[in-house]
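Observations on the model geometry
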Amino acid sequence: QVQLVESGGGLVQAGGSLRLSCAASGRTFSGYAMGWFRQAPGKEREFVAYITWSGGNTYYGDSVKGRFTISRDNAKDAVYLQMNSLKPEDTAVYYCATQRPTGWRYNLPSDYNYWGPGTQVTVSS
């Protein structure tokens, strides 16, 4: 089993930047592809970014493409999300998750088995 904990959230003004971290413990996650999702109040959980276990391939949701960057350091059992040019509509709780070994639909929450508790990101206008 993998335990995930996100950190780095907070309050930032529009146009600012934040870097989220996701730390894993328990069973190593170096064999897992990882994803970041977010959920705003009253909305469904939304795909943000995805990275393969090697880090060689990344994918992004349309709303964050060009502004967010996902990366990972398997030696540190960590995944990161660099968020630049933040907008008020980026306000949400952000979650990291491990993709199921049999998963193939990286943009769907159901493709993931372990989740962190989330970290709040609030962008003021």
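Before reading further, recall that the structure is shown in the block above.
What about the overall build of the protein?
The secondary structure content of the protein amounts to zero helices and 11 strands. In the protein, the succession of α and β elements from N to C terminus is β-β-β-β-β-β-β-β-β-β-β. Rg of the C-alpha trace for the protein: 13 Å, near the compact-globule value of 14 Å for 125 residues, within the 12% margin. Seen through its C-alpha atoms, the protein measures out along the principal axes to roughly 40 × 25 × 25 Å. In the protein, which comprises 125 residues, the proportion classed as buried is 41%. For the protein, the computed accessible surface area is about 6400 Å², with 48% contributed by carbon and sulfur atoms.

Comments concerning the pattern of salt bridges
Taken as a whole, this structure holds five salt bridges when the rule is applied. For D62, the salt bridge is made with K65, and the minimal N-O distance between the two is 3.1 Å. By relative accessible area, which is 69% here, D62 ends up exposed. For R105, the salt bridge goes to D111, with nearest N and O atoms at 3.9 Å. A relative accessible area of 4% means that D111 is categorised as buried. Here the residues in one salt-bridge network are R38, E46, R67 and D90, joined through shared partners.

Thoughts on the nonpolar core
By size, the foremost hydrophobic cluster in this structure holds 28 residues, and its most contacted members are W36, L81, M83 and Y94. Broken down by secondary-structure element, the contributors of at least two residues to this core are β1 (2–7), β3 (18–26), β4 (34–39), β5 (46–51), β7 (68–73), β8 (78–83), β9 (92–99) and β11 (119–124). Per element, the largest residue contribution to this core is four residues, and it comes from β3. Non-local contacts of L81, meaning those with residues more than four positions away in its chain, are made with L18, R19, L20, W36, V48, A49, F68, T69, I70 and Y94. A33, F37, Y50 and A97 belong to the second largest nonpolar core, which has six residues in total.

Regarding the environment of S85
In this structure, S85 sits in the loop between β8 and β9. With 13 residues separating them along the chain, S85 and R72 place their C-alpha atoms 21 Å apart. When near neighbours in sequence (up to four residues on either side) are disregarded, S85 contacts G15, G16, S17, R67 and D90.

What about the packing of aromatic side chains?
All chains considered together, the criterion is met by 10 aromatic pairs. Between the aromatic rings of F37 and F47, the centroid separation amounts to 5.7 Å while the plane-to-plane angle is 70 degrees, which identifies the pairing as edge-to-face. One end of the pair, F37, is in strand β4; the other, F47, is in strand β5, and 10 residues separate them in sequence. On the accessibility criterion, F37 (0% relative accessible area) is buried. Where F37 meets Y112, the ring centres are 5.0 Å apart and the plane angle is 80 degrees; that geometry is what we call edge-to-face. Note that F37 is positioned in strand β4 and Y112 in strand β10 (residues 112–115), a separation of 75 residues in sequence. Taking the relative accessible area as the measure of exposure, Y112 reaches 2% and is therefore buried. In textbook terms, an aromatic cluster arises when at least three aromatic residues are bridged by ring pairs, as seen for F37, F47, Y50, Y59, Y95, Y106, Y112 and W115. In this structure, R19 packs its charged tip against the face of Y80, placed 4.0 Å from the ring centre. Above the plane of the ring of W115 lies R45, whose end atom (NZ or CZ) is 4.8 Å from the centre.

Reading guide: rules and limits
Residues numbered from 1 in each chain as written. Predicted model: local features only at pLDDT ≥ 70, side-chain atom pairs only at ≥ 80, totals over all residues. Heavy atoms only, no water. Helix = DSSP H or I, 4+ residues; strand = E, 2+ residues; numbered from the N terminus. Rg over C-alpha atoms; globule rule 2.2 N^0.38 Å. Buried < 20%, exposed > 50% of the residue type's maximum accessible area, 1.4 Å probe, protein only. Areas by Shrake-Rupley, 256 points an atom, 1.4 Å probe, with all protein chains shown as cover. Salt bridge = Lys/Arg side-chain N within 4 Å of Asp/Glu carboxyl O. Core = buried A, V, L, I, M, F, W, Y, C linked by side-chain atoms within 4.5 Å. Contact = heavy atoms within 4.5 Å. Phe/Tyr/Trp six-rings, centres within 6.5 Å; stacked < 30°, edge-to-face > 60°. Lys NZ or Arg CZ within 6 Å of the ring centre and 35° of its normal.

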